[in-house]
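# Inside the fold
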Protein chains: 4
Amino acid sequence: MTHTGRHFLQIPGPTNTPDRVLRAMAAPTMDHRGPEFAKLGWEILQAIKPVFGTTQPVVIYPSSGTGAWEAALVNTLSPGDKVLCFETGHFATLWQEMAEGLGLEVEFVPGDWRHGVAPQAVADKLSADTERTVKAVLVVHNETSTGVTSRIPEIREAIDSTGHPALLLVDTISSLGSLEYKHDEWGVDVTVAGSQKGLMLPPGLSFNAISEKALAASKTAKLTRSFWSWEPMLEANKRGVFPYTPATNLLYGLREALSMLDEEGLANVYARHQRHAEATRLAVRGWGLEVLCADEREHSGSLTGVLVPEGHDADKIRAIILDRYNMSLGAGLGKLTGRIFRIGHLGDFNDLMLAGTLAGVQMGLVVAGVPIDTTGINAALERLQRS
Amino acid sequence: MTHTGRHFLQIPGPTNTPDRVLRAMAAPTMDHRGPEFAKLGWEILQAIKPVFGTTQPVVIYPSSGTGAWEAALVNTLSPGDKVLCFETGHFATLWQEMAEGLGLEVEFVPGDWRHGVAPQAVADKLSADTERTVKAVLVVHNETSTGVTSRIPEIREAIDSTGHPALLLVDTISSLGSLEYKHDEWGVDVTVAGSQKGLMLPPGLSFNAISEKALAASKTAKLTRSFWSWEPMLEANKRGVFPYTPATNLLYGLREALSMLDEEGLANVYARHQRHAEATRLAVRGWGLEVLCADEREHSGSLTGVLVPEGHDADKIRAIILDRYNMSLGAGLGKLTGRIFRIGHLGDFNDLMLAGTLAGVQMGLVVAGVPIDTTGINAALERLQRS
Amino acid sequence: MTHTGRHFLQIPGPTNTPDRVLRAMAAPTMDHRGPEFAKLGWEILQAIKPVFGTTQPVVIYPSSGTGAWEAALVNTLSPGDKVLCFETGHFATLWQEMAEGLGLEVEFVPGDWRHGVAPQAVADKLSADTERTVKAVLVVHNETSTGVTSRIPEIREAIDSTGHPALLLVDTISSLGSLEYKHDEWGVDVTVAGSQKGLMLPPGLSFNAISEKALAASKTAKLTRSFWSWEPMLEANKRGVFPYTPATNLLYGLREALSMLDEEGLANVYARHQRHAEATRLAVRGWGLEVLCADEREHSGSLTGVLVPEGHDADKIRAIILDRYNMSLGAGLGKLTGRIFRIGHLGDFNDLMLAGTLAGVQMGLVVAGVPIDTTGINAALERLQRS
Amino acid sequence: MTHTGRHFLQIPGPTNTPDRVLRAMAAPTMDHRGPEFAKLGWEILQAIKPVFGTTQPVVIYPSSGTGAWEAALVNTLSPGDKVLCFETGHFATLWQEMAEGLGLEVEFVPGDWRHGVAPQAVADKLSADTERTVKAVLVVHNETSTGVTSRIPEIREAIDSTGHPALLLVDTISSLGSLEYKHDEWGVDVTVAGSQKGLMLPPGLSFNAISEKALAASKTAKLTRSFWSWEPMLEANKRGVFPYTPATNLLYGLREALSMLDEEGLANVYARHQRHAEATRLAVRGWGLEVLCADEREHSGSLTGVLVPEGHDADKIRAIILDRYNMSLGAGLGKLTGRIFRIGHLGDFNDLMLAGTLAGVQMGLVVAGVPIDTTGINAALERLQRS
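Please read these numbers as outputs of a predicted model, since none were measured by experiment. (Residues numbered from 1 in each chain as written. Chains lettered and ligands numbered in written order. Predicted model: local features only at pLDDT ≥ 70, side-chain atom pairs only at ≥ 80, totals over all residues. Heavy atoms only, no water.)

Between chain C and chain B, the contact holds 47 residues from the first and 47 residues from the second. If you sort the residues of chain C by the area they bury against chain B, Thr29(C), Asp31(C) and Phe227(C) come out on top, with a joint share of 15%. The tally of links from chain C across to chain B stands at 0 salt bridges. The interface formed by chain C and chain B includes 6 residue pairs in polar contact (both at pLDDT 80 or more). For the side of chain C that touches chain B, the secondary structure elements donating two or more residues are helix H1 (19-25), helix H4 (65-76), helix H5 (90-101), helix H10 (248-264) and strand E13 (327-331) of chain C. Tallied by class, residues from the side of chain C that touches chain B come to 25 nonpolar, 18 polar and 4 charged. (Contact = heavy atoms within 4.5 Å. Buried area = accessible area lost by both parts, 1.4 Å probe. Salt bridge = Lys/Arg side-chain N within 4 Å of Asp/Glu carboxyl O. Polar contact = N/O pair within 3.5 Å; in protein donor to acceptor, adjacent residues only side chain to side chain. Helix = DSSP H or I, 4+ residues; strand = E, 2+ residues; numbered from the N terminus. Nonpolar A, V, L, I, M, F, W, Y, C, P; charged D, E, K, R; others polar.)

The following block contains the structure:
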């Protein structure tokens, strides 16, 4: 079946890249050692900071987000250092596997993939660590595999309550530019991000926002690092340039995307995502289905995980929706394979795109034979009728 | 309010230009007198024919559709010639005004803007014209201002039944590439079309498909013509070129758009438009509103005109929908100003874009205070659940 | 032979469209009846004026330049009106043919295609016209077929010296945005232009700048007009819109191109073109070849016509250059077919593009066996070494 | 000074990205876990192989070339392993610094930056290594900082002549897709490449072509690796996908660039680069200047390093050329800072672009007051007159 019209890319990233960004990226590549590039580089390195809620340095890698995970670890830690991780989902699991692979000692606190990191668990673990062997706490702000957030400010408080000096490393890959985030105010030491979600770019750029404490840690950290090393990056960035060839055309796109976020206003961006998430949950519950996230305080603003009733295969439903309705939804990953699908409602998005998305999910569920209440869509529309 | 996401351009043209076409148009302009252009020109001049259902010449103007209206008249008629026109809506009215302005004598049969041309009326008028003073019958295949079609094959039969030699000139501006159309089989003499509707291009190209009879008429027709003259066009077209500078980059887009129509298959294109029109009518009637088109045989596949209840201003509703939901709808034109809005569902379109569109109309009606039954959307989705 | 790298489009238009303009044109088409379009339309209609050197209205057609020729005539003249034309080249010849075809009486003063319009000839003809039967004088500012300009201010003076009331209609298709031009100051009544030369756009837009006197003439002019009629255009333009569908995406490009001209500054634009023309003539004469233009006051800043020595076919040379060096040059047109080639050096252009162009011409001449002095290029480079 | 026309990006990479590639990259990002992506991934992973001259796996990283350097080392070597490096220029120096930083023991054979790796030196060093402690020989095929190549087949022979089992790792960052290269036939173990040179893409992709021997080495290599690890990459690549988010839009561009190389034919691509390099040397020597490369067998086909006479600062000359002629040239790097400039003549390039480039260099040298013979350009054009 030939697909017509615009594809609905409703995975939780990469997101629907705006035309403006794609056109900006189509400008001819320039000399990355020339004066015009230095101006571009400097401009972007400043303009990216508010999105992280920081006035401290943000490092930009020509790589995807997985690289920025590695960067956060290898710049701050040494072989054998202990890190505290929490099983909030597939990506938290992958990140701790990476940590282990890099030679760190990982304590991985089990979880049910339906809750964020419990601040109390953090406090308990760190309190018990009287030797201060834990060097870093790793938290995924918004689990892309589940649609569950972790409450970073409360986690920060939990750490502080114990007086423990561990670094706080936070993955915001699917939250940055979509959910409220404050690197400085929340006392995060390294914030990890990627280009292809709330930043509305294609994949290919990743980020580390770096606190003074993290920077200090990097002076003594012993994990091997070269490509990911902050030091030459920060040094070159002072002049708006990079120590090796940057992904120039993606940077053109980033400049445009940052302008778009600025034009809308970050507060409006965050409110829009919450509104769409709320409408989505109303539809899901209206259908009689269950949202994966089990704690009302932890719903993600950027995606919603939907549990499929017993006896139905979420991947078959997704395949039907892709084939019939030209829409991509996120698969259940890891232990959730086949049990959920994920609706991305982040990035360059609006009410009617969400309405089309929810209509497509509803119709796909019907076509797939999942018994649902088809007034689900109406519940969402009622929400979207309100400003 | 800053708009985010993709605009829903649901006027009945210009339509949502596909990215593929826009990218094709962004290729560098080439020498229109060089060998590469001649190849392009030739290819397009052949590939456009099936869309008109013709094997006869199709002329391409670097102008918008209004120019092709003029071309159809000035190439076939002489000052003082009588033409028979039917008031099916705003564009039929404008076309006969143009005819009059060009020095033709127009008989304009009144209509209620809710019906197409009645074949019987054509037969009656032509039968009565025993002197054969009527030189051409002008029909708008799909009235963009109303969403009502005229049944061309039946009109052809009506003409033939009288043995009258009048030419049949048909405007397919908002039907070509969306509704089934057969220039040759239906015995049309000049078919007028534009680029910005079913052909999925930006505005800037227009077309005349020309029968042998029309071509013969052009040899003796005396209306002044220069830019619009078929003769030098047809002569140059034999070599794939044009007598004056063509709109090269729009032709790049046309080549791409013709490929897309060919990939989908014209039969599928037509079926898709009918399906979306049907779903739209189900929504409109589900809301408790009235579709403008009053004859079930004459519903347009490319747009739907919706009557707004007394006491409501269609333009205010449209303004709310544009502001709140980032969607453009068509206004009521001429005598329908404020009384209807028009939903375009043509061009590069799909089920979820339609669902988003209908959701936007529904929400906008609610926000505007129009009393409707909000299960309208469900009726449409039920239709779209079926293949 | 597969061509690599960027094509050198050195015909005298269409010119090398800048990437910025092509990207601007790739934005999604918008509703031409909506508020955003009206803003765009208004902005462009103001921004275009300085390029014409006018504060009076400029009308924009969705058509190529040939249409704007027709518009200039049909809006200001009546059947049988006498117009005075001068044979300065191929396009002057075509324009007077069009005038004749439209029912005007043309006096066509012969010329040798190597000189512009002689102001004295204008004075002589108009002085002799004691009955004031001549209604308009038609002049091509910059003959695209020869590279010879006509001195409009002196022609204006010549007309004024006779006290003759004839309108002055000027074709600036290949000069506007390249050569200095002052519609108001020079007392031109209608200025005709197109998008694909100095305005750096693809073909598809054309223009009429209109004096008060021309506007007054249009009130009584009787030539048939519909698509080209100024009246509804000027009326709609007051609100930033158009009486029929405009070529929206080309207007996006026009906005961008006007920004580029404004950033560079018109005085700099004109100086740049003169400098490149001068360097080109130095090369041509350095090769030992003859520039077609025979009057030093009348060299075109936007293109140079080059006479090919007896026994050589200019079109074969052009074919070699296209094949071997991936460069398009302009052909000799009409009576100059095969005897000249034309080098376009207008639009979005710079010194190194010109150097590459001249190198290509030089190499092509050598390859074609034309005996030349290969220090021609050096003469040009010496000129380009000076600011 | 406002620059007009097209910038001449004549650094030895990033190169002038073809419009076709930029437009391909502007397509909407797709789901990297969906069936359409797997098809794309598979297609590219096959189509890239001939460019490397291999039938073995080629791994694609979403990173710039520096990352692929790291990947080559960390996948094949263990901490403390000895590697043999040769000081052929700036990038050879950086690569061995990286090796040292990663914990390898480096023997760095000094060089004068005007010669490639001497095959005899390789043989001598390896013969002397009777303990077989050297685990890898690192060679830069085409030193981007100097324009000097190393003769890989002779180096291979030299290694073989000693019977030494060391791996051969080759950097082809500025040669792949420009200079003849045969990973399999030449017995290279890891070939390192980047997207922004001969592959005609913006920066952001890098590559490792991997021999069976290298793959075997990776099973026991102990350097820490995660992002760069071949194993999960090769595993996922079997299905056309990637273990983490790929740089989708750059992959669209890669597909297009590979089509372009295929259309031209690799043999033609290589011949074109040699021809342009030869013409460039003729110009340089014609000016009376010295080409940096001191061995006629080792001239680079993709760039030319030009020594500036004593008393002149190459960077000032480059600044003049950028300012006056809108052209970027490569700077002297490391110990060559200020002493040379580099002319890139690689990627999507043609004769007239080269002519413009050389004209710009010549004029810039004159403007900068460097005493040169201005017939240099003529020597180059004479070469380009021959097929």
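Let's pick the thread back up.
A few words now on the interface of chain B and chain D. Listed as interface residues are 5 residues of chain B and, on the opposing side, 5 residues of chain D. For the pair chain B and chain D, the summed buried area comes to about 390 Å², and 61% of that belongs to carbon and sulfur atoms. When the buried area of chain B at its contact with chain D is split by residue, Asp19(B), Arg23(B) and Pro28(B) rank highest and sum to 83% of it. Here chain B and chain D share 0 salt bridges between them. For the side of chain B that touches chain D, the class distribution of residues is 3 nonpolar, no polar and 2 charged.

What follows is about the packing of aromatic side chains. Tallied over the full model, the rule gives 34 aromatic pairs over all chains. With 5.0 Å between their ring centres and 85° between their planes, Trp228(A) and Phe227(D) make a pair best called edge-to-face. Residue Trp228(A) is found in the loop between helix H8 (212-220) and helix H9 (230-237), and its partner Phe227(D) is found in the loop between helix H8 (212-220) and helix H9 (230-237); the two belong to separate chains. Relative accessible area serves as the criterion here: at 0%, Trp228(A) is assigned to the buried category. Note on Phe37(B) and Phe242(B): the rings are 6.1 Å apart at their centroids and 65° apart in plane angle, and the pair reads as edge-to-face. With a gap of 205 residues between them, Phe37(B) in helix H2 (residues 35-47) and Phe242(B) in the loop between helix H9 (230-237) and helix H10 (248-264) connect regions that are remote in the sequence. Considered together, Phe37(B) and Phe242(B) belong to a single accessibility category, that of buried residues. Through a chain of ring-to-ring contacts, the aromatic side chains of Tyr61(A), Phe227(A), Trp228(A), Tyr244(A), Tyr61(D), Phe227(D), Trp228(D) and Tyr244(D) assemble into a single cluster. (Phe/Tyr/Trp six-rings, centres within 6.5 Å; stacked < 30°, edge-to-face > 60°. Buried < 20%, exposed > 50% of the residue type's maximum accessible area, 1.4 Å probe, protein only.)

This next bit is on the pairing of strand E12 (residues 303-307) of chain B. Residues and elements named next belong to chain B. When you tally the buried positions in E12, you get 5 out of 5 residues, the bulk of the element. Covered by surrounding structure in E12 are Leu-303, Gly-305 and Leu-307 together with Thr-304 and Val-306, the residues of both alternating faces. Here strand E11 (residues 290-291) pairs with E12 via 2 bridges, running antiparallel. Looking at the pairing, Val-291 lines up with Val-306 of E12. (Pairing = 2+ DSSP bridges.)

The terminal C-alpha atoms of helix H11 (residues 266-286) of chain D, which comprises 21 residues, lie 30 Å apart, in line with the 30 Å expected from a rise of 1.5 Å per residue. In the segment just after H11(D), Gly288(D) is the residue with positive phi, at about 90°. (Expected span 1.5 Å × (residues − 1).)

Residues and elements named next belong to chain C. Summarising burial for strand E14 (residues 340-344): 5 of the 5 residues are buried, a large majority. Inspection of the sheet shows strand E12 (residues 303-307) paired to E14 by 5 bridges, in the antiparallel sense. Looking at E14, one finds that Val-306 is bridged to Phe-341. Of the pairings in the sheet, the one linking E13 to E14 comprises 2 bridges and is antiparallel in character. Each bridged residue has a counterpart across the sheet, and for Gly-330 the counterpart in E14 is Arg-342.

When chain B is brought onto chain D, the operation consists of a screw motion whose angular component is 180° and whose axial shift is 0.0 Å, with 0.0 Å RMSD remaining. Both chain copies can therefore be described as sitting about a two-fold axis. The rotation axis passes nearest to the C-alpha of Arg23(B) in chain B, at a distance of 3.0 Å. The fraction of interface residues of chain B whose copies in chain D are also interface residues reaches 100%, indicating that both copies meet through the same surface. (Least-squares fit on C-alpha atoms with pLDDT ≥ 70 in both.)

Here the focus is the domain arrangement of chain A. All names here are of chain A. Each domain of chain A was delimited in the assignment, giving domain 1 (8-15 + 265-385) and domain 2 (19-262). Of the roughly 2600 Å² buried between domain 1 and domain 2 on both sides combined, carbon and sulfur atoms contribute 55%. On inspection of domain 1 and its partner domain 2, the count reaches 3 salt bridges. As a salt-bridge pair, Arg-151 and Glu-298 come within 2.7 Å of each other at their nearest N and O atoms. Across the contact surface, domain 1 and domain 2 share 19 residue pairs in polar contact (both at pLDDT 80 or more). Residue assignment for the side of domain 1 that touches domain 2 shows that the elements contributing at least two residues are helix H11 (266-286), strand E11 (290-291), strand E12 (303-307) and strand E14 (340-344). For the side of domain 1 that touches domain 2, the element with the highest residue contribution is H11, accounting for 5 residues. Per-class residue counts for the side of domain 1 that touches domain 2 are 15 nonpolar, 12 polar and 7 charged. (Domains from an automatic or database assignment.)

With that out of the way, let us pick up the nonpolar core. One broad rule of soluble globular proteins: the nonpolar side chains tend to lie buried together. Of all hydrophobic cores here, the largest spans 188 residues; its most connected members are Leu73(B), Phe207(B), Leu254(B), Leu73(C), Trp95(C), Phe207(C) and Leu254(C). Once residues lying within four places of it in the same chain are set aside, the contact partners of Leu254(C) are Ile44(C), Ile48(C), Ile60(C), Leu199(C), Leu201(C), Leu205(C) and Phe207(C). Of all hydrophobic cores here, the second largest spans 187 residues; its members include Val139(A), Ile152(A), Leu45(D) and Val137(D). (Core = buried A, V, L, I, M, F, W, Y, C linked by side-chain atoms within 4.5 Å.)

Per-residue confidence for chain A gives a mean pLDDT of 98; residues scoring 70 or more make up 100%. The ipTM for the predicted assembly is 0.97, set against a pTM of 0.98. (pLDDT = per-residue confidence, 0-100.)

Turning to the sheet that holds strand E5 (residues 134-140) of chain B, a few remarks are in order. All names here are of chain B. Taken together, the 7 strands give an open sheet; going across it, the order is E2-E10-E9-E8-E5-E3-E4, and neighbouring strands pair in mixed fashion. Of all the strands in the sheet, just strand E2 (58-61) and strand E4 (105-109) have a single pairing partner and so form its edges. Between one strand axis and the next, the sheet turns by 20° as a mean value, whatever way the strands run. For E5 and strand E8 (residues 167-171), the ladder comprises 5 bridges, and the chain directions are parallel. Bridge pairing in E8 places Val-140 opposite Asp-171. (Axes fitted to C-alpha atoms, helices over the stretch in contact; angles between N-to-C directions.)

Residue and element names in this part refer to chain D. Mapped onto the secondary structure, Trp-113 falls in the loop between strand E4 (105-109) and helix H6 (119-128). For Trp-113, a relative accessible area of 3% puts it in the buried group. Considered as a pair, Trp-113 and Leu-292 are 179 residues apart in the sequence and their alpha carbons are 8.4 Å apart. Here Glu-87 takes part through its side chain, which lies 2.7 Å from a polar atom of the side chain of Trp-113.

Of the transformation superimposing chain C on chain B, the axial component is 0.0 Å and the angular component is 180°, with the fit at an RMSD of 0.0 Å. The overlap is high: 100% of the interface residues of chain C also sit at the interface in chain B, so the same surface is used on both sides.

With that settled, the discussion passes to the sheet that holds strand E1 (residues 8-10) of chain C. Here 5 strands make up an open sheet; going across it, the order is E1-E13-E14-E12-E11 (chain C) and the pairing mixed. The open sheet is flanked by E1 and strand E11 (290-291) of chain C, the only strands paired with a single partner.

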